[in-house]
Structures are given as structure tokens and as C-alpha cells.
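Working through the structure, step by step
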Amino acid sequence: MPATTPRYRGRFAPSPTGPLHFGSLIAAIGSYLQARSQRGEWLVRMEDLDPPREQPGAAATILRTLERYGFEWDGAVLYQSRRHEAYLDTLEQLRREGYSYRCNCSRKQIGEEARRCGLPPGVYPGSCRTAAIGEHQRHTIRLLAPETVIGFDDGVQGHFSQQLAREVGDFVLRRADGLFAYQLAVVVDDAFQGITEVVRGSDLLDNTPRQIALQRSLGLRTPGYLHLPVVLNARGEKLSKQTFAPALDETRPLPALWQGLAFLGQRPIPELLQGDISSFWRWAVEHWHRDLIPRKLDSPLKGAHGNPD
Ligand code: GLU
């Protein structure tokens, strides 16, 4: 391998808003197998950026569940709550180089202005681009969205592109309450951890052009992206804390792992259910085929891991 090709490095980045459920397990399995099947590294990052949304003890519970499910991560877990200085430095760089600006629009003003400009609801029309808002005034920080179309080739979903200025608008990097936005933290930390490929749920597919725009503004390289189908419950909702997805059963990892592998289009053999976790993972790494992952944004799951209806 030429010296310039970085070794594969993937990651799993849960938010500690609750215990792991079958939906998060899919992202963990997919990212783990992509990394291990290429003899790469797999890192865990705790996205504990938003204390009001977090559940006390959830980070420790998530790590314990990962361990019981036989996931082995490389290096120490990175906690975003300890990375504030890096985010502040990045914001300062963006400000200095003219990529960001302060905004003090209320939600109501944004809605009215977007309507006036004929933009879809939720798209920020750039009203504060030229406003002079002092650093002591309450404000959010926004990135100037490029006018160009930003596209990328997703490893599962194919080509995806957005015209950010029209479809999203200048997006928030730091909220008015001082919390750092996910878009900022994820870009800073994917670069800091040297991630070469991001594997995660397709609910984040349409966040990726924002992350690429931010990488370009910061002169960072863009990793590969692979967005897995998300799991739907019997009501057609994405499994999540909000839809009351049950926590993974720590005492019986194999049935969930087996079902997760099957959800990802792999063909696990029934004998794996009778074996132990290390034989499960050995088989899964050896038989992992990225090309078998269904090219779908979501897929229903019947059986034990959806919601009981
Ligand atoms: N923290 C996000 C989540 O739990 C994942 C973010 C990412 O993988 O980029 O859904």
C-alpha cells in the first residue's frame, strides 16, 4: 500500500440520550464490519453535546452494552463534552476567514422572511449576513452556505447532492444558548480522529452536504460516506428513543446481532445462534459484503426488536 493511503478508520458515534436499541445496533454493526473486514480501526465517540437531552448514566450503559455485544474499539472513547476548546478554535478560524456570521433572528422572523423570499419552511434566508451583531448580544453562529451544488457518492445510496443555499440555507454552528451544533462537532471530530469512512444511518444522508461544505471551509479532507437503511417499527416510524424503541437485551446479544446482520442484507447461517459471540464476529467479518446492503433509506423490521404493537 502506498504510504499516502491512510489506513481505514471508522467510527461509531452514539448520542447518550438513552440506551442502545436495535436501530443504533445497525449503525454499530455496519461501521464495525466495514472497518474490521478491511483490517481497519474502529473508534467510539460519545456525542454528549446536548446535556438537556442526555440521560444520566446512558454513556456508561452504551459502552457496557457494546462490550457485552462483543464490539472491541481501538483507543480511548472520545467524549465531545471534553472537546469544547477545539470547537471554539474552529469557530474562531471560520469567523476570521469570513465563512461564518452572527445571527439574532427569532424562529418567527426566519419563518416570515423565508415565506417572503419564497423559500421552503425551515430554510434560513440569510437575513443577518450583513448585520453587525455584537459578540455580547444573544446570537447564533451560522456558516455561509455555498451557492454551488455539493454532491458525493455514497457507498450504499449512490450519488446524493444538495444545493445548500436553496435547500438548507446558512446553517447553525453554535446555538444561542451556547451549545455547539452537531454539524460543527462531527466535522471537527471526524477530522481529529482521522476517520476515513463514516458509516451511519440514512437519516443523516441529507446532513452530509452540510458537513462537506464545512470541511471545505476548513480545508479538511472529506471522508467516504456510507449510509445504512434505518429500521422502521410496525407503525412505519424510525426506531428511536422518541418512538420508544426498546433497549437492547444485554443478556442475549446473539439473536439481535444475527438479526442485525440479516437486516444489513448479509446471510448469517443459523448455526451462529448456537455458538458464542467471538465465533459470530469471526464469521461476520469474514463474510461481510458491503454490496449486499439494501440500497434503501429504510426498511421495516418484524419481530422482537421493533415496538410491540
Ligand atoms: N450521534 C448521532 C446519532 O446517534 C450519529 C452521528 C453520526 O454518526 O454522524 O444518531
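Everything here concerns the structure above.
Keep in mind that what you see is a predicted model, and the values were worked out from it rather than measured.

All right, on to the pattern of salt bridges then. This structure, assessed with the given rule, holds 19 salt bridges. Of the charged contacts in the structure, one is a salt bridge between Asp50 and Arg53, with a shortest N-O distance of 3.9 Å. One salt bridge connects Asp170 with Arg129, and the closest N-O pair in it is separated by 2.7 Å. Residue Asp170 is found in the loop between helix 5 (164–167) and strand 8 (171–174), and its partner Arg129 is found in the loop between helix 4 (107–116) and strand 5 (140–143); the two are separated by 41 residues along the sequence. Taking the relative accessible area as the measure of exposure, Arg129 reaches 36% and is therefore partly exposed. A single salt-bridge network, built from bridges that share partners, covers Arg11, Arg45, Glu47 and Asp190.

Around the ligand, the neighbouring residues are Arg11, Ala13, Pro14, Ser15, Glu47, Tyr182, Val186, Arg200 and Leu204. At a separation of 2.7 Å, a nitrogen atom of the ligand approaches a polar backbone atom of Ala13. At 2.7 Å, a side-chain N or O of Tyr182 approaches an oxygen atom of the ligand. For the ligand, the protein covers 76% of the area, taking 300 Å² as the surface of the free molecule.

Leu25, Ile29, Leu66, Phe71 and Trp281 are the most contacted members of the largest nonpolar core, which totals 45 residues. When contributions to this core are tallied by element, the ones reaching two or more residues are helix 1 (22–36), strand 2 (41–46), helix 2 (58–68), strand 10 (224–228), helix 8 (253–263) and helix 9 (277–287). Sorting elements by how many residues they give to this core places helix 1 first, with 9 residues. Beyond its immediate sequence surroundings of up to four residues, Leu25 is in contact with Tyr69, Phe71, Leu248, Ala256 and Leu257. Of all hydrophobic cores here, the second largest spans 29 residues; its members include Ala145, Val168, Leu173 and Val186.

Here the focus is the layout of surface pockets. What the largest pocket holds in volume is close to 1000 Å³. If you go around the largest pocket, you meet 41 residues; those closest to its centre are Ala13, Pro14, Ser15, Asp203 and Lys238. Counting residues per element, the ones that place at least two in the lining of the largest pocket are strand 1 (9–12), helix 1, helix 6 (182–192), strand 9 (197–201) and strand 11 (230–232). Counting residues per element, the lining of the largest pocket draws most heavily on helix 1, which supplies 4 residues. Residues of the lining of the largest pocket, tallied by class, amount to 21 nonpolar, 10 polar and 10 charged.

The 3 strands are arranged 1-2-3 in an open sheet whose pairing can be described as parallel. In the strand order of this sheet, the two ends are held by strand 1 and strand 3 (78–79), each with one partner. Relative to strand 2, strand 1 runs parallel, the two being bridged by 4 bridges. Bridge pairing links Arg9 to Glu41 in strand 2. Across the sheet, helix 1 touches strand 1 and strand 2, and the angle it forms with strand 2 is around 150°. The strands touched by helix 6 within the sheet are strand 1, strand 2 and strand 3, with strand 2 carrying the most contacts at an inclination of about 145°.

Okay, the side chain of Arg11 next. With respect to the secondary-structure elements, Arg11 resides in strand 1. At a separation of 3.0 Å, a polar atom in the side chain of Arg11 contacts the side chain of Asp190. Beyond its immediate stretch of four places on either side in the chain, Arg11 contacts Ser31, Trp42, Leu43, Arg45, Val186, Asp190, Ile195, Glu197, Val198, Val199 and Arg200.

The strand order across the open sheet built from 3 strands is 4-5-8, with neighbouring strands paired in antiparallel fashion. Of all the strands in the sheet, the pair left with one neighbour each is strand 4 (100–103) and strand 8. The mean angle between the axes of side-by-side strands here comes to 45°, regardless of whether they run parallel or antiparallel. Relative to strand 5, strand 4 runs antiparallel, the two sharing 4 bridges. For Tyr101, the partnering residue across the bridge sits in strand 5 and is Arg142.

Conventions adopted
Residues numbered from 1 in each chain as written. Predicted model: local features only at pLDDT ≥ 70, side-chain atom pairs only at ≥ 80, totals over all residues. Heavy atoms only, no water. Salt bridge = Lys/Arg side-chain N within 4 Å of Asp/Glu carboxyl O. Helix = DSSP H or I, 4+ residues; strand = E, 2+ residues; numbered from the N terminus. Buried < 20%, exposed > 50% of the residue type's maximum accessible area, 1.4 Å probe, protein only. Near = heavy atom within 4 Å. Polar contact = N/O pair within 3.5 Å; in protein donor to acceptor, adjacent residues only side chain to side chain. Areas by Shrake-Rupley, 256 points an atom, 1.4 Å probe, with all protein chains shown as cover. Core = buried A, V, L, I, M, F, W, Y, C linked by side-chain atoms within 4.5 Å. Contact = heavy atoms within 4.5 Å. 1 Å grid on protein atoms, 1.4 Å probe; cavity = no way out; pocket = protein on both sides within 12 Å on 5 of 7 lines; lining within 4 Å. Points joined across faces, edges and corners; volume = space filled by probe spheres on them. Nonpolar A, V, L, I, M, F, W, Y, C, P; charged D, E, K, R; others polar. Pairing = 2+ DSSP bridges. Axes fitted to C-alpha atoms, helices over the stretch in contact; angles between N-to-C directions.

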